[in-house]
Amino acid sequence: MLNSSNWRQPIFRLPRWVRSYGLTALFTGSLLGIPVAEAWAISSTNDDIPAVPLVIPEGNSSCNIALTRTFNVTQSFTVRDVTLGLNIDHTRRGEIAAFLTSPSGQRVQIINNSNDRDDNYDVLLVNNTSNNLDDGNADNTSAPFFDRDAPSFNGRLAAFYGTSSQGTWTLELCDRRSNRTGTYNRGQLILNDQAFFDDPAFPAVVPNPDYNGGCSANTDIAVVLDASGSINATEANLTRQAVRGMLDELATIGGPVQVGIVEFAETAEVQLGGGFTDVTVANITNVFQPYLTNTYKNQSATLGSLTNWEAAFQETVDELLTDADVVIFISDGNPNTISTGGGTSFIGEDDADALAQAMGPANAIKTAGKHIYAFGVTEGVNIGRLVGITDGTNSTVFTGGNGSTADYDNVSTFNTNDFRAELISLVQGLCATGGTNNPNVLLVKRITAINGNRTTNPNDSTVLNTVVDGGTANDGDNHPNWPSNYLVGETDAGRVKPGDEIEYTVYFLNAGTANADAVRICDRLQTNQAFKPEAYGVGADVQLQLGTSTIQTLTAANDAVDRTELITTGTVPATCNITGINTNGTLQVDITGAAGTGIPSLTTLPGSTGQGQPNNAYGFFRFTTTVDQ
């Protein structure tokens, strides 16, 4: 294929016979030894039971054709928790994708297609579980219904926190593959006005203060890095590259800014001798990079292997809080252990219990007026945990242009480009005047043709001419300033064979409010593929379009005609921000440059002011490769 613990039932979730009432009493008891007082919550349960099972449309990878069902909610309250029951028959449930849209129009993917080969879904998607959606077992779709708790995709049901309950909620289901027909049997939408971390057993969420200080010689950034056992050698290397990209960006800002690092697993320790270090080119080479290369993730004998968010935040409070202005917290998994006394429990804990313990020191950071940015890396991180340590149900997802107010984001795959771009975009937002007035160039890459066919892959009929979501909530392809239906192409384009030609399109948009200068985009060719010269005619190696202007043809030669060059082997410019050996070629395209230096003629890439505005704030370039024989 071609590709670009035990659960604890939340205290507020009541047995089904109680949920059918609009006003429900919470149980009393204790959690973590903390008394739980009786409380009341508004709950709305809405069932959808069709008269006969309904066929789920199959064979459309973009899910543009879907089975649509609605839940009409009459009660009006602010949603602080969403659970969704699904009962589906399918002989390979991993082919199913599901989306939920709120009455306000917010659309969220809640099940992503996967390699899960088991049968059927009979699940209750919740925000408070350490179970896996793919649990290795087929589900029985007969009664009792929804008797297995599972997380939504990336915990995205938490994205509905703070929305209004009243109105029509829309469920969409599709089958991204063919030859296996699935049916939807029933669904159940449950809305509550309390989230699990609102329970009296949890500390109250302290508001996350906005950061508007910009970056200067007085700015101190605390970076908290997960080094737990779930991060393997490859992922550790990707983390190193992402943090290095962030440091390189900070070094260009001046000041210099200072960075301190806390590394954590079961325990946590401040790094680099404690305190903060100036981010200069010399210090990146002599201090930060040696730590990333030689020390990060190599302290398992000291730090252990479990994931202790409490220890991470407590070490930040103890060692860096006095000087820190902001805290950037990065984890690849939910918390699964807690600290006891001066050490750690060294045993697995329910992640809700572990979150409750972590909220204490996280609250101390926010009480001191310091802002926390929480990044989950991989699909295993529940968004509900990230909002618990930031701004609760008032949390705002990072979209690239809201660096001063954002609280969290989730990068669904441990992909160095996504992760590094996210960190770079964040510090660009932080370090702009007032935290908001800065350029922010977003990049989206898609496969747009196989063997010259831009409609379908002739090998297996995979659709190529529709718009697909890249799979990460609020990533680059979700920005509202992209023109409607602009990002055409696939991330998974189906099967190819030796000799096939693959066209890649790289879309770009300045989503910031300031002009972007020196915009250079570098794309390293994949292995087992070779750049195809003159794919678009004689002397036309690459095509480029700004906005809706005429498509221009470029050469891949190093000449004065245009600003495009294929660097076949050897070192690429440092401004490409690409690490590793260039063995298969890197395509370098300068979108902006000095006047008279070739096509395109832009000297700056203007910030976008709205959808598709102005016309030269966005565009694309495309090129073709040939699969090696």
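Residues numbered from 1 in each chain as written. Predicted model: local features only at pLDDT ≥ 70, side-chain atom pairs only at ≥ 80, totals over all residues. Heavy atoms only, no water.

Colleague: So what exactly am I meant to see when it comes to the overall build of the protein here?
Modeller: For the protein, the count of helices and strands is 8 helices and 33 strands. Taking all 629 residues of the protein together, the buried fraction comes to 56%. When the accessible area of the protein is evaluated, it comes to approximately 24000 Å², of which 48% is carbon and sulfur surface. (Helix = DSSP H or I, 4+ residues; strand = E, 2+ residues; numbered from the N terminus. Buried < 20%, exposed > 50% of the residue type's maximum accessible area, 1.4 Å probe, protein only. Areas by Shrake-Rupley, 256 points an atom, 1.4 Å probe, with all protein chains shown as cover.)

Colleague: Before we go on, may I ask you to explain the packing of helix α2 (residues 233-251) against helix α3 (residues 281-295) in this structure?
Modeller: Two numbers describe a pair of packed helices, the interaxial angle and the distance between the axes. Across the interface, α2 lies against α3 with an axial gap of 11 Å and an inter-helix angle of 165°. By the angle between their axes, α2 is roughly antiparallel relative to α3. The two elements α2 and α3 cross, and the hand of that crossing is right-handed. Across from Arg240, Val243, Arg244, Leu247, Asp248 and Ala251 in α2, the residues of α3 making contact are Val281, Ile284, Phe288, Gln289, Leu292 and Thr293. Broken down by class, the residue content of the contact of α2 with α3 amounts to 7 nonpolar, 2 polar and 3 charged. (Axes fitted to C-alpha atoms, helices over the stretch in contact; angles between N-to-C directions. Parallel < 35°, antiparallel > 145°, perpendicular 65-115°, else oblique. Left-handed = near helix turned anticlockwise from the far one by under 90°. Contact = heavy atoms within 4.5 Å. Nonpolar A, V, L, I, M, F, W, Y, C, P; charged D, E, K, R; others polar.)

Colleague: Looking at this structure, I do not really get the side chain of Thr219. What am I missing?
Modeller: Position of Thr219 relative to the elements: it lies in the loop between β14 (182-192) and β15 (220-226). A residue is classified by how much of its surface remains accessible, and Thr219, at 4% relative accessible area, is buried. Engagement of the side chain of Thr219 in a polar contact is seen with the backbone oxygen of Gly214, the distance being 3.5 Å. For Thr219, the residues in contact, after removing those within four places along its chain, are Tyr211, Gly214, Val257, Gln258 and Asp325. (Polar contact = N/O pair within 3.5 Å; in protein donor to acceptor, adjacent residues only side chain to side chain.)

Colleague: Help me out: how do you make sense of unusual backbone geometry in this one?
Modeller: Pro144 follows Ala143 through a cis peptide bond whose omega is 0°. As for its placement among the helices and strands, Pro144 is situated in the loop between β11 (121-126) and β12 (149-151). Despite not being glycine, Leu272 shows a phi value in the positive range, around 55°. Residues other than glycine seldom take positive phi values, yet Ala518 does so here, at roughly 50°. Positionally, Ala518 belongs in the loop between β26 (501-510) and β27 (520-524). Given the relative accessible area of 69%, Ala518 is considered exposed.

Colleague: For this particular structure, what's the right way to read the packing of aromatic side chains?
Modeller: The geometry of two aromatic rings is summed up by the distance between their centres and the angle between their planes. Here the structure, examined in full by the defined rule, presents 12 aromatic pairs. With centroids separated by 6.3 Å and ring planes inclined at 80°, the aromatic side chains of Phe375 and Phe398 adopt a geometry described as edge-to-face. Linking Phe375 in strand β22 (residues 371-377) with Phe398 in the loop between α7 (383-389) and β23 (408-411), this pair joins segments that are 23 residues apart in sequence. There is no split in this pair, since Phe375 and Phe398 are both buried. Relative to Tyr486, the ring of Trp482 has its centre 6.1 Å away and its plane inclined at 20°; by these criteria the two rings are stacked. Relative accessible area serves as the criterion here: at 15%, Tyr486 is assigned to the buried category. Ring-pair connections join several aromatic residues into one group, and the members of that group are Trp482, Tyr486, Tyr507, Tyr618 and Phe620. Arg186 extends its terminal NZ or CZ atom over the ring of Phe145, reaching a point 3.8 Å from the ring centre. One cation-aromatic arrangement involves Lys445 over Tyr504; the distance from NZ or CZ to the ring centre is 4.6 Å. (Phe/Tyr/Trp six-rings, centres within 6.5 Å; stacked < 30°, edge-to-face > 60°. Lys NZ or Arg CZ within 6 Å of the ring centre and 35° of its normal.)

Colleague: Where do I start with the sheet that holds strand β31 (residues 564-567) in this structure?
Modeller: In any sheet, the strands associate via hydrogen bonds between backbone groups, in a parallel or an antiparallel arrangement. With respect to topology, 3 strands assemble into an open sheet ordered β27-β32-β31, the strand pairing being antiparallel. A single partner strand is all that each edge strand has here, and the edge strands are β27 and β31. Going from strand to strand, the sheet's axes swing by 15° on average, the running direction of each strand aside. In terms of strand pairing, β27 meets strand β32 (residues 586-590) through 5 bridges, oriented antiparallel. Residue pairing for β32: Cys522 is matched across the bridge by Gln588. (Pairing = 2+ DSSP bridges.)

Colleague: Just checking my understanding: could you explain the state of the cysteines for this structure?
Modeller: Note on terminology: disulfide describes a covalent bond linking the sulfur atoms of two cysteines. Applying the stated criterion across every chain yields a total of 1 disulfide. The side chain of Cys522 participates in a disulfide bridge whose partner is Cys576; the two sulfur atoms lie 2.0 Å from each other. The sign of the S-S torsion, about -65°, decides the handedness of the disulfide formed by Cys522 and Cys576: left-handed. One end of the pair, Cys522, is in strand β27; the other, Cys576, is in the loop between β31 and β32, with 54 residues separating them in the sequence. As far as the burial class goes, Cys522 and Cys576 line up, both buried. (Disulfide = S-S within 2.5 Å.)

Colleague: Sorry, what's going on with α3 here?
Modeller: Residues that lie three or four places apart on an α-helix share one face, since the helix turns once every 3.6 residues. Here α3 spans 20 Å end to end across 15 residues, near enough to the 21 Å set by a 1.5 Å rise per residue. At Phe288, α3 shows its largest bend, some 35°, and a proline, Pro290, comes one to four positions later. Those residues of α3 that sit buried are Ile284, Phe288, Tyr291 and Leu292. In this structure, the buried residues of α3 make contact with β15, α2, β16 (258-264) and β18 (277-278). Taken from the residues just after α3, Lys297 is the one with a positive phi, measuring 70°. (Expected span 1.5 Å × (residues − 1). Bend = angle between axes of the 7 residues up to and from the residue.)

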